[in-house]
Amino acid sequence: MAGETQADCLFCKIAAGEVPATVVHETETVVAFRDITPQAPSHVLVIPRAHYPDAASLAAAEPALAAEVLRAAGEVAEREKTAGSGYRIVFNTGSGAGQTVFHAHAHVLGGRGLEWPPG
Ligand code: 5GP
Ligand code: ZN
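Residues numbered from 1 in each chain as written. Chains lettered and ligands numbered in written order. Predicted model: local features only at pLDDT ≥ 70, side-chain atom pairs only at ≥ 80, totals over all residues. Heavy atoms only, no water.

(A) Fine view of helix α3 (residues 63–79). Its 17 residues give α3 an end-to-end C-alpha distance of 25 Å, which sits within 8% of 24 Å, the value for a rise of 1.5 Å per residue. Residues of α3 that are buried sit in contact with β1 (23–26), β2 (30–34), β3 (42–48), α2 (55–61), β4 (87–90) and β5 (106–110). (Helix = DSSP H or I, 4+ residues; strand = E, 2+ residues; numbered from the N terminus. Expected span 1.5 Å × (residues − 1). Contact = heavy atoms within 4.5 Å.)

Written out as structure tokens, the structure is:
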């Protein structure tokens, strides 16, 4: 199912306020909250409220909503004061790439030097 809430999805529950999270930014369509296991001094996840399993399926079905996620990621970086020094937006897609929660989400990482290529 896509575009609706999925009852057993952790991030749908966070979007609905059923699971607590430290929300740093939200709009009608997206929510940004701190990652529970931060990998950088600033590590925020941006999700659409609607459920899509990954970024590509989100963009295919609702391109404007995918753009909202990216716009929110930029706003988070501004607020977190990482926009000036540089930050990274990551969409892990598939278990081989490290995706563990199958509700589309952007990691917004910053506040330290970020190596390239990523691990
Ligand atoms: P993925 O591995 O799918 O790219 O990213 C999932 C992210 O969700 C991980 O970085 C993980 O630390 C984070 N995460 C998992 N469970 C929770 C939770 O209950 N609350 C918050 N805030 N983050 C979570
Ligand atoms: Zn979901």
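(B) Structural context of the sheet that holds β2. The strand order β1-β2-β3-β5-β4 describes an open sheet built from five strands, whose pairing is antiparallel. Of all strands in the sheet, those with a lone pairing partner are β1 and β4, marking the two edges. The average undirected angle you get between the axes of adjacent strands in this sheet is 20°. Pairing of β2 with β3 involves five bridges; the strand directions are antiparallel. Each bridged residue has a counterpart across the sheet, and for A32 the counterpart in β3 is V46. (Pairing = 2+ DSSP bridges. Axes fitted to C-alpha atoms, helices over the stretch in contact; angles between N-to-C directions.)

(C) Representation of the coordination of the zinc ion (ligand 2) in the model. Around the zinc ion (ligand 2), the protein contributes the donor atoms C9 (SG), C12 (SG), H51 (ND1) and H103 (ND1), at 2.1 to 2.3 Å from the metal centre. Classification of the site at the zinc ion (ligand 2) rests on its four donor atoms, whose angles at the metal span 106 to 117°, yielding the label tetrahedral. Here the donor residues of the zinc ion (ligand 2) are spaced in sequence according to C-x2-C-x38-H-x51-H. In this pair, C9 is assigned in the segment before α1 (10–16) and H51 in the loop between β3 and α2, connecting sequence segments 42 residues apart. (Donors = N, O, S within 2.8 Å, 3.2 Å for Na, K, Ca; no water. Tetrahedral: all angles 85-135°; square planar, octahedral: opposite > 155°, others 65-115°.)

(D) Examining empty space enclosed by the protein more closely. Going through the model one piece at a time under the given rule, you end up with one cavity of 30 Å³ or more. Approximately 30 Å³ is the volume attributed to the largest cavity. Among the residues forming the lining of the largest cavity, the class breakdown is three nonpolar, four polar and one charged. (1 Å grid on protein atoms, 1.4 Å probe; cavity = no way out; pocket = protein on both sides within 12 Å on 5 of 7 lines; lining within 4 Å. Points joined across faces, edges and corners; volume = space filled by probe spheres on them. Nonpolar A, V, L, I, M, F, W, Y, C, P; charged D, E, K, R; others polar.)

(E) Region of the structure containing the layout of surface pockets. Approximately 750 Å³ is the volume attributed to the largest pocket. Considering the residues around the largest pocket, the lining is formed by 32 residues, among which D35, Q39, H43, N92 and H107 are closest to the centre. Listing elements by their share of the lining of the largest pocket, those giving two or more residues are α1, β2, β3, β4 and β5.

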